[in-house]
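Residues per chain are reported as follows:
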Amino acid sequence: MRLLQRSLIFMSLCILCLPGLAAGNKVVSERNILVPAADFEIQVENKAEMEKLIKENRRCIRCHQVERKLKKIPAVTVQGAAHGSEKFYDNCTACHGDKGKHPKQDVSVISFAAHSPTPLAQQNGQCLKCHTPVELRKAEWTHDVHYKKINCASCHKLHDAVDPIINIERKSRIKLCVDCHHSINESQGEL
Amino acid sequence: MDYSRRKFLAGLGATTMFATAGVAGTSVIQTLVIDGKRYGMIHDETLCIGCEACVDACRETNNVPEGVSRLEIIRSEPRGEFPNADYQFFRKSCQHCEDAPCVNVCPTGASFIDKKTGIVDVHADRCVGCMYCIAACPYKVRYIDPVTKSADKCNFCRDTNLAKGQLPACVQSCPQQALVFGDLNDPNSEIVKTLQQKTIYRYKKHLGTKPKMFRVPDLKGEIEL
Ligand code: SF4
Ligand code: SF4
Ligand code: SF4
């Protein structure tokens, strides 16, 4: 319940703040207007909430900043400028939610992948907390037709230095459409 | 609907000068009689995803310079609201009209209908760049090639892929099999079978150009209850 409340606040604040943010932000290219440089301030209303956020994120960092050799879990980094934040202790929880019973129960953190135990709607819902449908459409019309069908993480990689899909070349973009839709058509009836 | 210059002249001849009516009439018939194949194409708008693979394949295969295009896929405004919005796609390219205004107005014979295939094409070396055809084409698909300075447009890859015995480049490249190409005179061809099975429309058919570009309409969401 607490989580839900938080996310609702987060969401409503996001919507309120986005136009203001967009105005004060440098626009790199037409396609990059999608994301105003994330202002994570909107997540917290007061000091107590900030302290909780820091505490939660420290718990993530404690385990994930180095490689867990035994289980071969690589160290996690946030390299991309858009989603990393020093002040908010990398802000893992903004997307992944609080630690909860993780790692004993995998489902207690939100994870982003096709094979993730987190349902598709919940994964993509996380992104929608900050990115409005209007901005998504403006950046790329195909958001409209894929949002309910594939997870955002199929194309977007937020832990990489550069999100590989942003400003993709026309040729590679068409190849992506062709390859993906071709394989969907091939596998029809087998799924 | 009878707009063709030759037919107009033929009609004029028939009412005023009987002697020339027969000659002018023959030239009209010559442009329409096809011996052999009669190629046409279907764009299934229900299958198309708007990827534009066809657009790029056409450009590469037919050496179409940047800035002009034989083929465009026009995307509609979104239908419905996020996350249920979707789009319609319209293929803009030559319709290979059987009664082709571009051919009828061409003063040099550069624009022609190939009698073996029914394909509407342009002899680049005969084109003088007067642009009559560009003005006459109701589908607005013709342009002056900035390199050859000749009028140009889709020719069903007549001199490229078809000459090599392959399907047109756009058809080959489509990941959705949204494009069907074939001989309308052959009752066993895929195109004729598809035409018999699916709901079809032709763009601006009422103009009487007899376009050989057929479309399967993507109408979902058109009627809201
Ligand atoms: S669509 Fe235009 S260019 Fe093509 S045959 Fe018809 S009139 Fe000519
Ligand atoms: S048939 Fe050939 S020329 Fe016509 S649009 Fe397709 S690829 Fe281009
Ligand atoms: S390649 Fe096929 S699916 Fe893609 S835009 Fe062209 S017709 Fe549509």
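Scroll up a little and you will see the structure.
Model, not experiment: these values are computed from the prediction.

Peer 1: How would you sum up the overall build of chain B? Please name residues and give values.
Peer 2: In terms of regular secondary structure, chain B is built from seven helices and nine strands. Within the span of chain B, comprising 225 residues, buried residues form 49% of the whole. Across chain B, the fraction of contacts at a sequence separation of at least 24, relative to all contacts at a separation of at least 6, is 58%. For chain B, the accessible area works out to roughly 11,500 Å², and carbon and sulfur atoms hold 56% of it.

Peer 1: Outline the overall build of chain A, listing residues and values.
Peer 2: If you tally the helices and strands in chain A, you get seven helices and zero strands. Helices and strands appear in chain A in the N-to-C order α-α-α-α-α-α-α. Within chain A, buried positions represent 29% of all 191 residues. Residue pairs in contact within chain A that sit at least 24 positions apart in sequence constitute 59% of those at least 6 positions apart.

Peer 1: Describe in detail the site of ligand 1, supporting the description with residues and values.
Peer 2: As a structural note, the neighbourhood of ligand 1 is formed by 14 residues, with B:Cys94, B:Gln95, B:Cys97, B:Cys102 and B:Cys137 the closest of them. Residues of the shell around ligand 1, tallied by class, amount to ten nonpolar, two polar and two charged.

Peer 1: Can you explain the interface of chain B and chain A? Please cite residues and give values.
Peer 2: By convention, interface size is frequently given as the accessible area that disappears when the constituent parts associate. The partner chain A presents 18 residues to the 20 residues of chain B that form the contact. Summed over both partners, the interface of chain B with chain A comes to about 1,700 Å²; 57% of that surface belongs to carbon and sulfur atoms. When residues of chain B are sorted by the area they lose upon contact with chain A, B:Phe82, B:Tyr87 and B:Pro175 head the list and together hold 34% of the total. At the junction of chain B with chain A, the criterion picks out three salt bridges. A salt bridge links A:Arg170 to B:Glu52, with the shortest nitrogen-to-oxygen separation between them at 2.8 Å. Summed over the shared surface of chain B and chain A, the result is five residue pairs in polar contact (both at pLDDT 80 or more). Top element by residues in the side of chain B that touches chain A is helix α3 (residues 53-61) of chain B. It accounts for four residues. When the residues that make up the side of chain B that touches chain A are grouped by side-chain class, the tally is eleven nonpolar, four polar and five charged.

Peer 1: Give me the nonpolar core: which residues, what numbers.
Peer 2: In a soluble, globular protein the nonpolar side chains are often hidden away together inside. Residues and elements named next belong to chain B. Met41, Cys54, Ala100, Phe156, Cys170, Leu179 and Phe181 are the most contacted members of the largest nonpolar core, which has 38 residues in total. For this core, the elements supplying multiple residues, two or more each, are β1 (39-44), α3, α4 (101-105), β5 (120-122), α6 (169-173) and β8 (179-183). Per element, the largest residue contribution to this core is three residues, and it comes from α3. The contacts of Cys170, once residues within four sequence positions are left out, are Met41, Cys54, Leu71, Arg91 and Leu179. Of all hydrophobic cores here, the second largest spans seven residues; its members include Leu184, Ile191, Val192 and Val216.

Peer 1: Kindly report on the site of ligand 3, identifying the contributing residues and their values.
Peer 2: Surveying the vicinity of ligand 3 reveals 13 residues, the closest of which are B:Cys48, B:Cys51, B:Glu52, B:Cys54 and B:Cys174. Residues belonging to the shell around ligand 3 are distributed by class as follows: nine nonpolar, three polar and one charged.

Peer 1: Before we move on, can you summarise the packing of helix α7 (residues 170-186) of chain A against α3(B) with the specific residues and values?
Peer 2: Running from N to C, α7(A) and α3(B) cross one another at 125 degrees; their axes reach a closest spacing of 10 Å. Relative to α3(B), the element α7(A) is oriented oblique. Regarding α7(A) and α3(B), the two cross each other, and that crossing is left-handed. Packed against α7(A), whose contacting residues are A:Arg170, A:Lys171, A:Ile174 and A:Val178, the element α3(B) presents B:Ala53, B:Val55, B:Asp56 and B:Glu60 at the interface. Among the residues making up the contact of α7(A) with α3(B), the classes are represented as four nonpolar, no polar and four charged.

Peer 1: Hey, could you go over the packing of aromatic side chains for me, with residue numbers and the actual values?
Peer 2: Scanning the model with the defined rule gives seven aromatic pairs over all chains in all. Here A:Trp141 and B:Phe89 contribute two aromatic rings whose centre-to-centre distance is 5.7 Å and whose plane-to-plane angle is 55 degrees, an arrangement assigned as tilted. Of the two residues, A:Trp141 sits in the loop between α5 (133-139) and α6 (142-146) while B:Phe89 sits in strand β3 (residues 89-92), which places them in two different chains. Exposure remark for A:Trp141: the relative accessible area of 11% places this residue in the buried category. Considering the side-chain rings of A:Tyr147 and B:Phe82, the 4.8 Å spacing of their centres and the 50 degrees angle between planes classify their relative orientation as tilted. Residue A:Tyr147 is located in the loop between α6 and α7, and its partner B:Phe82 is located in the loop between β2 (72-75) and β3; the two belong to separate chains. A:Tyr147 gets classed as buried once you look at its relative accessible area, which sits at 16%. Aromatic ring contacts, followed pair by pair, group A:Trp141, B:Tyr87 and B:Phe89 into a single cluster. When the ring centre of B:Tyr139 is taken as origin, the NZ or CZ atom of B:Lys204, which lies over that ring, is 6.0 Å away.

Peer 1: I'd like a rundown of helix α7 (residues 190-197) of chain B, residues and numbers included.
Peer 2: Residues and elements named next belong to chain B. Among the residues of α7, those classed as buried are Ile191, Val192 and Thr194. One face of α7 carries all of its buried residues, which in axial projection span an arc of 165 degrees. Seen from the open side of α7, the exposed residues pointing more than 90 degrees away from its buried face are Glu190, Gln196 and Gln197. Buried positions along α7 lie against β1 and β8.

Peer 1: I'd like a description of the sheet that holds strand β9 (residues 213-216) of chain B, backed by residues and values.
Peer 2: Residue and element names in this part refer to chain B. Ordered in space as β8-β1-β9, the three strands form an open sheet in which the pairing is mixed. The sheet terminates laterally at β8 and β9, the two strands that pair on one side only. Here the strands of the sheet are splayed against their neighbours by 20 degrees on average, with no regard to which way each runs. With five bridges connecting them, β1 and β8 associate as antiparallel partners. Its bridge partner being in β8, Tyr39 is matched across the sheet by Asp183. The sheet strands contacting α7 are β1, β8 and β9, and the helix crosses β8 at an angle near 120 degrees.

Criteria and cut-off values
Residues numbered from 1 in each chain as written. Chains lettered and ligands numbered in written order. Predicted model: local features only at pLDDT ≥ 70, side-chain atom pairs only at ≥ 80, totals over all residues. Heavy atoms only, no water. Helix = DSSP H or I, 4+ residues; strand = E, 2+ residues; numbered from the N terminus. Buried < 20%, exposed > 50% of the residue type's maximum accessible area, 1.4 Å probe, protein only. Contact = heavy atoms within 4.5 Å. Areas by Shrake-Rupley, 256 points an atom, 1.4 Å probe, with all protein chains shown as cover. Near = heavy atom within 4 Å. Nonpolar A, V, L, I, M, F, W, Y, C, P; charged D, E, K, R; others polar. Buried area = accessible area lost by both parts, 1.4 Å probe. Salt bridge = Lys/Arg side-chain N within 4 Å of Asp/Glu carboxyl O. Polar contact = N/O pair within 3.5 Å; in protein donor to acceptor, adjacent residues only side chain to side chain. Core = buried A, V, L, I, M, F, W, Y, C linked by side-chain atoms within 4.5 Å. Axes fitted to C-alpha atoms, helices over the stretch in contact; angles between N-to-C directions. Parallel < 35°, antiparallel > 145°, perpendicular 65-115°, else oblique. Left-handed = near helix turned anticlockwise from the far one by under 90°. Phe/Tyr/Trp six-rings, centres within 6.5 Å; stacked < 30°, edge-to-face > 60°. Lys NZ or Arg CZ within 6 Å of the ring centre and 35° of its normal. Arc of directions from axis to C-beta. Pairing = 2+ DSSP bridges.

Remember that the coordinates give geometry; whether it matters functionally is a separate question.
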